[in-house]
Amino acid sequence: MAAIPSPKRHTAQGHIPTFEGTRDRLPAPIYDENPAFVACYWKAWELAFRNFHLPTEQNGFVSPFIDAAFNQNIFLWDTCFMTMFCNYAHGLTPGIASLDNFYVKQHDTGEVNREIDRTTGHDFEPWINRDDRPLFSRWGWWAGDSGNRGAAPVEYRGRDVPSPNPRCTLDALDHPLFAWAEMEAFRVTGDVERLRRVWSPLTRYYAALHKYLRQGNGLYMTDWASMDNSQRNPHLARGGTAVDTSSEMVLFARLLAEMADVLIKPNDAAAYRAEADSTAARINALMWDEARQFYFDLSVDGAQGAVKTIAAFWTLLAGVALPQQAAALVRELENPATFKTLHRVPSLAANESQFTPDGHYWCGGVWPSTNMMVVRGLDRCGFADLARTIALNHVEHVTAVFLDTDTLWEDYAPMRVAPGNPARPDFVGWTGIGPISFLLECAVGLRPDAPARTLTWTIRTNQRVGCERYRLGGRIVSLICEPPDGAGRRELSVESDGGVHLHIRLNEQSHRFDVKAGKPLRVCL
């Protein structure tokens, strides 16, 4: 295993915060247009606080962490998404440092097993390549209970079998999202030193996936990619390449380039950008179907798949989709026959044969994780209005189910106001993304840029709105906008304990202010 450079190893003698003891320090949103959104926000934090843990001598972890509340293991892609809402309580709760517990378990090959036992700190046993074989999937390319679960080797086509053999099975190596999580945190915290510390494990992990998962066509393999019972899975058998895994590797490379810019590593930045562009070109050449106007997985023989799934939308976030392709994907998101369901966005198109109105996991279930991907991807490609619409649709449905059941759920039904079937209750878990991240960003309207000490506030409601104790790059900012007075003017008050550049967007006009520490800003707009 490799140790992540860290200024301090946390131990079990540390302290886990409680919700009751921390609530009065957490950001407190104001959204009078829908007070139930705010109630759901606090429920999300209450549940999250139940799932904070300390490292132990036995597990060898190095940081307090948030857990997925799924079983006794910590999960890589769950944890990456959980850090995204924890960023808004940076310094108060375990968040981005949760990923250090994966980095410290990195193998000398650069691999990181995506599932690690929380008690022992060991890789999830079925996904260890204990027989030192070339890459294989322990559970095979299966689709739910009807699938044929069994070990199956990867067939490399058009390239040599990599050496040495990997330490993990293919099951353990999907969804490489570390860099995305780190840059989401950087946007809120501005912590350059953290980027410096995680550069080595990230670049080594990227190199390992490039070595073991890259098929001869220049794209990346997976088995079931955490989409357990997805209709797409059989098409990926034996070494097929996946549109999500391939796009995530493009995203990984692009974000490593951005980190390299911050860390003043121009040669690395150029190399990673070139790698990202090359892989993106291969995705567009091989996975885009012009007739069907959609991206599809490839079989090991190079044939495009037949199933439209949520995986295709990773091309938006990764900057793979060209403008005309992005527009086609947006049309699908607005198409009631495919991806515009009652609760958006389903994991499987509604006109596919295995789509299920109550979700049935990846047969249409709505997942906070993939909704975060879709929303961020739309923002990146210039479709901010649709991104906000989908985000608020998600918050509305999560809140409605919360009001009915008094809890949050692992996933949700696409055609009903209900949890998915199946779905775990009390799940925060990544479900905190909607009530926390989407509420603050898309309802209250706050978008942080901590490295630039800038906070953009887009005000779209005519009712009282704002946030007390908002955290931005070590600063604490409180912002309140009152309802319009008789003349239609809005009174805004802003206070900060550190200098912040504030950009306000209101009634299609932009206003910029420099808020000084200890000097409240009062304006009417």
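In case you missed it, the structure is sitting above this.
Because the structure is predicted, anything quoted here is derived from the model rather than measured.

### A look at helix α3 (residues 76–86)
At step 1: α3 sits mainly inside the fold: 11 of its 11 residues count as buried.
At step 2: Every buried residue of α3 is listed here: Leu76, Trp77, Asp78, Thr79, Cys80, Phe81, Met82, Thr83, Met84, Phe85 and Cys86.

### Re unusual backbone geometry
At step 1: Note that the residue after Arg344, namely Val345, is joined by a cis bond; omega there is 5 degrees.
At step 2: Its place among the elements puts Val345 in the loop between α10 (323–333) and α11 (368–380).
At step 3: Of note, the amide linkage connecting Asn421 to Pro422 takes the cis form, showing an omega dihedral of 10 degrees.
At step 4: A positive phi is found at Asp132, a non-glycine position, where the angle reads about 55 degrees.
At step 5: Locating Asp132 in the fold gives a position in the loop between β5 (115–117) and β6 (136–137).
At step 6: For Tyr361, which is not a glycine, the phi torsion comes out positive at approximately 60 degrees.
At step 7: Here Tyr361 falls in the buried class, since its relative accessible area comes to 14%.

### Details of the packing of aromatic side chains
At step 1: Applying the stated criterion across every chain, the model contains 37 aromatic pairs.
At step 2: Here the aromatic rings of Trp367 and Trp430 are separated by 5.8 Å at their centres, their planes lie at 90 degrees, and the arrangement is edge-to-face. Placement of Trp367 in the loop between α10 and α11 and of Trp430 in the loop between α12 (384–405) and α13 (434–443) is noted, with a sequence separation of 63 residues between them. Of the two residues, Trp367 and Trp430, both sit in the buried class.
At step 3: Residue placement shows Arg23 over the ring face of Trp42; its charged tip is 4.1 Å from the ring centre.
At step 4: The side chain of Arg292 reaches across the aromatic face of Phe296, ending 3.7 Å from its centre.

### Things to note about the environment of Arg204
At step 1: Mapped onto the elements, Arg204 comes out in helix α6 (residues 192–213).
At step 2: In this structure, the C-alpha to C-alpha distance between Arg204 and Ala349, residues 145 residues apart in sequence, is 36 Å.

### Comments concerning helix α5 (residues 178–189)
At step 1: The end-to-end C-alpha distance of α5, which contains 12 residues, comes to 16 Å, matching closely the 16 Å that a straight helix rising 1.5 Å per residue would cover.
At step 2: With 11 of 12 residues buried, α5 is to be regarded as a mostly interior element.
At step 3: Residues of α5 that are buried: Phe178, Ala179, Trp180, Ala181, Glu182, Met183, Glu184, Ala185, Phe186, Val188 and Thr189.
At step 4: At the C-terminal side of α5, Gly190 shows a positive phi close to 65 degrees.

### Here's the deal with the sheet that holds strand β12 (residues 465–472)
Hydrogen bonds between backbone groups are what pair the strands of a sheet, and the pairing can be parallel or antiparallel.
At step 1: If you trace the 5 strands from one edge of the open sheet to the other, you get β1-β12-β13-β14-β17, paired in antiparallel fashion. Edge positions in the sheet fall to β1 (28–31) and β17 (521–524), since each of these pairs with one other strand and no more. Each neighbouring strand pair of the sheet contributes to a mean axis angle of 15 degrees, computed without reference to strand direction.
At step 2: In this sheet, strand β14 (residues 491–496) lies alongside strand β13 (residues 475–481) in antiparallel orientation, the contact comprising 5 bridges. In the sheet register, Val477 faces β14, and the bridge partner there is Ser496.

### Observations regarding the state of the cysteines
At step 1: In the structure shown here, the tally under the stated rule is 0 disulfides.
At step 2: Cys40 takes part in no disulfide bond, and the closest cysteine sulfur to it belongs to Cys442, at a distance of 15 Å.
At step 3: A residue is classified by how much of its surface remains accessible, and Cys40, at 0% relative accessible area, is buried.
At step 4: You can see Cys381 has no disulfide; the closest cysteine sulfur is in Cys442, sitting 16 Å from it.
At step 5: Owing to a relative accessible area of 24%, Cys381 belongs among the partly exposed residues under this scheme.

### Here's the deal with the packing of α6 against helix α7 (residues 243–262)
At step 1: For the pair α6 and α7, the least separation of the axes is 10 Å and the interaxial angle reads 145 degrees. As α6 runs across α7, the sense of the crossing is left-handed. Each of Val192, Leu195, Trp199, Leu202, Thr203, Tyr205, Tyr206, Leu209 and His210 in α6 lies in contact with α7, whose residues at this interface are Met249, Phe252, Ala253, Leu256, Met259, Ala260 and Val262.
At step 2: A breakdown of the residues in the contact of α6 with α7 according to their chemical character gives 14 nonpolar, 2 polar and no charged.

### Overview of the pairing of β14
On a regular strand, each side chain points to the face opposite its neighbour's, so the side chains alternate between the two faces of the sheet.
At step 1: Relative to β17, β14 runs antiparallel, the two being bridged by 4 bridges. Note on β17: the bridge partner recorded for Glu491 is Cys524.

### Quick word on the layout of surface pockets
At step 1: By volume, the largest pocket amounts to about 840 Å³.
At step 2: Considering the residues around the largest pocket, the lining is formed by 27 residues, among which Arg187, Arg376, Asp379, Arg380 and Arg447 are closest to the centre.
At step 3: Where the lining of the largest pocket is concerned, the elements lending two or more residues are α5, α7, α11, α12, α13, β10 (446–449) and β11 (454–459).
At step 4: Sort the elements by how many residues they give to the lining of the largest pocket and α5 lands first, with 5 residues.
At step 5: Across the lining of the largest pocket, the residue classes tally to 11 nonpolar, 3 polar and 13 charged.

### Notes on the environment of Tyr205
At step 1: Residue position: Tyr205 is located in helix α6.
At step 2: Judged by relative accessible area, which is 0%, Tyr205 ranks as buried.
At step 3: Sequence separation of Tyr205 and Ala280 is 75 residues, and the distance between their C-alpha atoms is 19 Å.
At step 4: With residues near it in sequence (within four places) discarded, Tyr205 still touches Leu76, Gln106, Gly110, Glu111, Val112, Asp174, Pro176, Phe178 and Phe252.

### Looking at the nonpolar core
Note that soluble globular proteins tend to have their nonpolar side chains buried in a common cluster.
At step 1: Counting 170 residues, the largest nonpolar core has Trp45, Trp180 and Trp457 as the members making the most contacts within it.
At step 2: Examining the composition of this core, we find that 11 residues originate from one element, α7, more than from any other.
At step 3: With sequence-adjacent residues up to four places away left out, Trp180 is seen in contact with Phe81, Met84, Leu251, Leu255, Trp314, Leu317, Met372, Met373 and Arg376.

### Digging into the sheet that holds β11
At step 1: If you trace the 4 strands from one edge of the open sheet to the other, you get β10-β11-β15-β16, paired in mixed fashion. Strands with a single pairing partner mark the edges of an open sheet, and in this sheet they are β10 and β16 (509–515). Along the sheet, successive strands turn relative to each other by an average axial angle of 15 degrees, direction set aside.
At step 2: In this sheet, β11 lies alongside β10 in antiparallel orientation, the contact comprising 4 bridges. If you follow Pro448 over to β11, its bridge partner there is Leu455.

The rules behind the values
Residues numbered from 1 in each chain as written. Predicted model: local features only at pLDDT ≥ 70, side-chain atom pairs only at ≥ 80, totals over all residues. Heavy atoms only, no water. Buried < 20%, exposed > 50% of the residue type's maximum accessible area, 1.4 Å probe, protein only. Helix = DSSP H or I, 4+ residues; strand = E, 2+ residues; numbered from the N terminus. Phe/Tyr/Trp six-rings, centres within 6.5 Å; stacked < 30°, edge-to-face > 60°. Lys NZ or Arg CZ within 6 Å of the ring centre and 35° of its normal. Expected span 1.5 Å × (residues − 1). Pairing = 2+ DSSP bridges. Axes fitted to C-alpha atoms, helices over the stretch in contact; angles between N-to-C directions. Disulfide = S-S within 2.5 Å. Left-handed = near helix turned anticlockwise from the far one by under 90°. Contact = heavy atoms within 4.5 Å. Nonpolar A, V, L, I, M, F, W, Y, C, P; charged D, E, K, R; others polar. 1 Å grid on protein atoms, 1.4 Å probe; cavity = no way out; pocket = protein on both sides within 12 Å on 5 of 7 lines; lining within 4 Å. Points joined across faces, edges and corners; volume = space filled by probe spheres on them. Core = buried A, V, L, I, M, F, W, Y, C linked by side-chain atoms within 4.5 Å.

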